[in-house]
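The chain contents come next:
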Amino acid sequence: MGGCAGSRRRLSDSEGEETVPEPRLPLLDHQGAHWKNAVGFWLLGLCNNFSYVVMLSAAHDILSHERTSGNQSHVDPGPAPIPHNSSSRFDCNSVSTAAVLLADILPTLVIKLLAPLGLHLLPYSPRVLVSGICAAGSFVLVAFSHSVGTGLCGVVLASISSGLGEVTFLSLTAFYPRAVISWWSSGTGGAGLLGALSYLGLTQAGLSPQQTLLSMLGIPALLLASYFLLLTSPEAQDPGGEEEAESSARQPLIRTEAPESKPGSSSSLSLRERWTVFKVRMMAGFELLFFRNTSLSHAQQYRWYQMLYQAGVFASRSSLRCCHIRFTWALALLQSLNLAFLLADVWFGFLPSIYFVFLIILYEGLLGGAAYVNTFHNIALETSDEHREFAMATTCISDTLGISLSGLLALPLHDFLCQLS
């Protein structure tokens, strides 16, 4: 990986071949590389998903687009906002927040679908540069948007950044020890928690959404620094790994000829491995879970839902060393039951307090995060070396497809429920 700072080769301790190095230096050097890569992939996961999460947290504000002077979105600190649709008990926006979800996920889906066809023409470093530039552009464009359409264009930039980054960094994990998958997953969970919490905290503290978004421009810079300055070369773990990583970045993920097999690896994905690769993750929306008997406004309730969901995701994505779940289909089943329960509450309104919803959404986040990290961990364990990079990239597609379908279903559901008196 030519872009990483670690690709600069370490200098020898001697002028010639006669000097005997200290016996503990290789161990210390290996430990240092391990922690640099661990922290590097954690930060990459954090920075890559940060803009995606922030756009979801800001969805209600993007669609409300109540503007004060200076084009700053107005955040009403009071407990009683004016409903957008007084004829509906759900206090609906004219456009569902699922529109923001779709703008935040469909470009990612397109990137992941097209990645096997053309992304191999670019090495890793240019991909990371494009990802960082798009993330910064998304914050700026949404912050200074005058309309919902312009704001959604900024969300699309965040989606391009997140999608390109995810397929790039997950493919890159194939050239590092398998432990970096756990660190990457924990970082993406941290992005959910820190992204949602920072947006909630800064807006609650009195900053406008515009000021809040502009304060986050340091995140794309941290993404670039983590990749170019922190990660070591793959050769530190696998001799020749640097050349292999860069050459594979220029190879199509779908090959017409079988790759050269390594000793002890299978020549093709088994049916069991293919099922592991194509698991789909479910996602539910929270916009219509609106409680009037609370001091929180509708926008504030939505931000709290996002923060609690992402807190659960972070906790479970960081739990791989403590708990490994083999049968991830059980997590999908529990998520389906959770979705049915929340939809029933939207329809019948039987939950007496918002705090019950807080607990359910936290639980939903735990399920979603556990499904993500355990699916990728199972892939790393069960796929052969020559298929691992392809499997990681392909699983991103199924994950994104599930979110896209949930957004598409949420649009007509939102319109139907909002027409109810």
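Just so we're clear, the structure is a prediction, and the values are computed from it rather than from any experiment.

Moving on, we get to the overall build of the protein chain. The helix and strand inventory of the protein chain stands at 14 helices and two strands. In the protein chain, the share of contacts with a sequence separation of at least 24, taken over all contacts with a separation of at least 6, comes to 85%. Total accessible area on the protein chain stands at roughly 18,600 Å², and carbon and sulfur atoms take up 66% of it.

A few words on the packing of aromatic side chains. Two numbers describe a pair of aromatic rings. These are the distance of the centres and the angle of the planes. Tallied over the entire structure, the rule returns 11 aromatic pairs. Relative to Phe-416, the ring of Trp-347 lies with its centre 6.0 Å away and its plane at 10°, an arrangement referred to as stacked. Here the residue Trp-347 occupies a position in helix α12 (residues 329-348), and Phe-416 occupies one in helix α14 (residues 385-418), the gap between them amounting to 69 residues. Residue classification places Trp-347 among the partly exposed residues on the basis of a relative accessible area of 40%. Connected via pairs of aromatic rings, a cluster forms that spans Phe-169, Trp-184, Tyr-227 and Phe-228.

Our focus in this paragraph is the environment of Asn-37. In this fold, Asn-37 is placed in helix α1 (residues 25-57). As for Asn-37 and Thr-232, which are separated by 195 residues in sequence, their C-alpha atoms are 6.4 Å apart.

The next point concerns the pattern of salt bridges. Enumeration according to the criterion identifies three salt bridges in this entry. Here Arg-303 and Asp-61 are joined by a salt bridge, their closest N and O atoms 2.9 Å apart. On the criterion of sequence distance, the pair formed by Arg-303 in helix α11 (residues 298-317) and Asp-61 in helix α2 (residues 59-64) is long-range, its members being 242 residues apart. Residues Arg-303 and Asp-61 agree in their burial class; the two are buried. Ionic pairing is found between Lys-112 and Glu-166, a salt bridge with its closest N-O pair at 2.6 Å. Of this pair, Lys-112 sits in helix α3 (residues 98-118) while Glu-166 sits in helix α5 (residues 148-172), placing them 54 residues apart in sequence. The two residues Lys-112 and Glu-166 agree in class, both being buried.

This part takes up helix α4 (residues 124-143). Taking 1.5 Å per residue as the helical rise, α4 with its 20 residues ought to reach 28 Å, and the 29 Å between its terminal C-alpha atoms agrees with that figure. Along α4, the residues that are buried comprise Tyr-124, Ser-125, Arg-127, Val-128, Ser-131, Gly-132, Cys-134, Ala-135, Ser-138, Phe-139, Val-142 and Ala-143.

Turning to the packing of α3 against α5, a few remarks are in order. Viewed as axis vectors pointing N to C, α3 and α5 meet at an angle of 35°, and their least axial separation amounts to 8 Å. Considering the relative orientation of α3 and α5, their crossing is right-handed. The residues of α5 that touch α3, namely those facing Ala-99, Val-100, Ala-103, Asp-104, Ile-105, Leu-106, Pro-107, Thr-108, Ile-111, Lys-112 and Ala-115, are Leu-152, Val-155, Val-156, Ala-158, Ser-159, Ile-160, Gly-163, Leu-164, Glu-166 and Val-167. For the contact of α3 with α5, the class distribution of residues is 15 nonpolar, three polar and three charged.

To continue, consider the environment of Ile-105. Along the chain, Ile-105 falls in helix α3. Residue classification places Ile-105 among the buried residues on the basis of a relative accessible area of 4%. C-alpha of Ile-105 to C-alpha of Ser-404: the two residues are 299 residues apart in sequence and 6.2 Å apart in space. Those residues within four positions of Ile-105 in sequence are excluded, and the remaining contacts are Tyr-52, Ser-159, Thr-400, Ile-403 and Ser-404.

It is worth spelling out the UniProt feature "transmembrane region" (unreviewed entry) in the protein chain at this point. In the numbering adopted here, UniProt assigns the feature "transmembrane region" (unreviewed entry) to residues 95-115, 127-144, 151-175, 181-200, 212-230, 327-348 and 354-373. Between the first and last C-alpha atoms of residues 151-175 the distance is 37 Å; the span itself is 88% helix and 0% strand.

Moving on, we come to helix α8 (residues 218-230). Listed as buried for α8 are Ile-219, Pro-220, Leu-223, Ser-226 and Tyr-227. Down the axis, α8 shows its buried residues gathered within 120° of arc, on one side only.

On to a nonpolar patch on the surface. On the surface, Phe-327, Trp-329, Leu-333, Leu-334, Leu-337, Leu-362, Tyr-363 and Leu-366 cluster together into a nonpolar patch covering about 770 Å² of accessible area. The set of elements that each furnish at least two residues to the nonpolar patch consists of α12 and α13 (354-382). For the nonpolar patch, the element with the highest residue contribution is α12, accounting for four residues. We classify Leu-362 as partly exposed; its relative accessible area is 30%.

With respect to the secondary-structure elements, Asn-374 resides in helix α13. Overall, Asn-374 belongs to the buried group, its relative accessible area being 1%. For Asn-374, the side chain forms a polar contact with the main-chain nitrogen of Ile-325, separated by 2.7 Å. Aside from chain neighbours lying at most four places away, what touches Asn-374 is Leu-320, Cys-323, His-324, Ile-325 and Thr-328.

Time to look at the nonpolar core. Within the largest apolar cluster, 42 residues are counted, with the highest numbers of intra-cluster contacts made by Phe-41, Leu-44, Leu-172, Tyr-227 and Phe-376. Per element, the largest residue contribution to this core is six residues, and it comes from α1. Setting aside its immediate chain neighbours within four residues, Leu-44 contacts Phe-169, Trp-184, Leu-223, Ser-226, Tyr-227 and Leu-231. Counting residues in each nonpolar core, the second largest holds 31 residues, with Tyr-305, Val-313, Leu-351 and Ile-361 among its members.

Time to look at the environment of Ser-171. Residue placement: Ser-171 occurs in helix α5. C-alpha of Ser-171 to C-alpha of Met-392: the two residues are 221 residues apart in sequence and 6.0 Å apart in space.

Before going further, it helps to examine the packing of helix α6 (residues 179-204) against α13. Remark: α6 packs on α13, axes separated minimally by 10 Å, with the N-to-C direction vectors making an angle of 160°. By the criterion of interaxial angle, the relationship of α6 to α13 is roughly antiparallel. Handedness of the α6/α13 crossing: right-handed. Contacts between α6 and α13 involve Ile-181, Trp-184, Ser-185 and Thr-188 on the former and, on the latter, Tyr-372, Val-373, Phe-376 and Ala-380. For the contact of α6 with α13, the class distribution of residues is six nonpolar, two polar and no charged.

Reading guide: rules and limits
- Residues numbered from 1 in each chain as written.
- Predicted model: local features only at pLDDT ≥ 70, side-chain atom pairs only at ≥ 80, totals over all residues.
- Heavy atoms only, no water.
- Helix = DSSP H or I, 4+ residues; strand = E, 2+ residues; numbered from the N terminus.
- Contact = heavy atoms within 4.5 Å.
- Areas by Shrake-Rupley, 256 points an atom, 1.4 Å probe, with all protein chains shown as cover.
- Phe/Tyr/Trp six-rings, centres within 6.5 Å; stacked < 30°, edge-to-face > 60°.
- Buried < 20%, exposed > 50% of the residue type's maximum accessible area, 1.4 Å probe, protein only.
- Salt bridge = Lys/Arg side-chain N within 4 Å of Asp/Glu carboxyl O.
- Expected span 1.5 Å × (residues − 1).
- Axes fitted to C-alpha atoms, helices over the stretch in contact; angles between N-to-C directions.
- Left-handed = near helix turned anticlockwise from the far one by under 90°.
- Nonpolar A, V, L, I, M, F, W, Y, C, P; charged D, E, K, R; others polar.
- UniProt positions renumbered as here; feature names shortened; annotations may be inferred.
- Arc of directions from axis to C-beta.
- Patch = residues over 30% accessible without salt bridge, like charges linked within 9 Å, V, L, I, M, F, W, Y side chains within 5 Å.
- Polar contact = N/O pair within 3.5 Å; in protein donor to acceptor, adjacent residues only side chain to side chain.
- Core = buried A, V, L, I, M, F, W, Y, C linked by side-chain atoms within 4.5 Å.
- Parallel < 35°, antiparallel > 145°, perpendicular 65-115°, else oblique.

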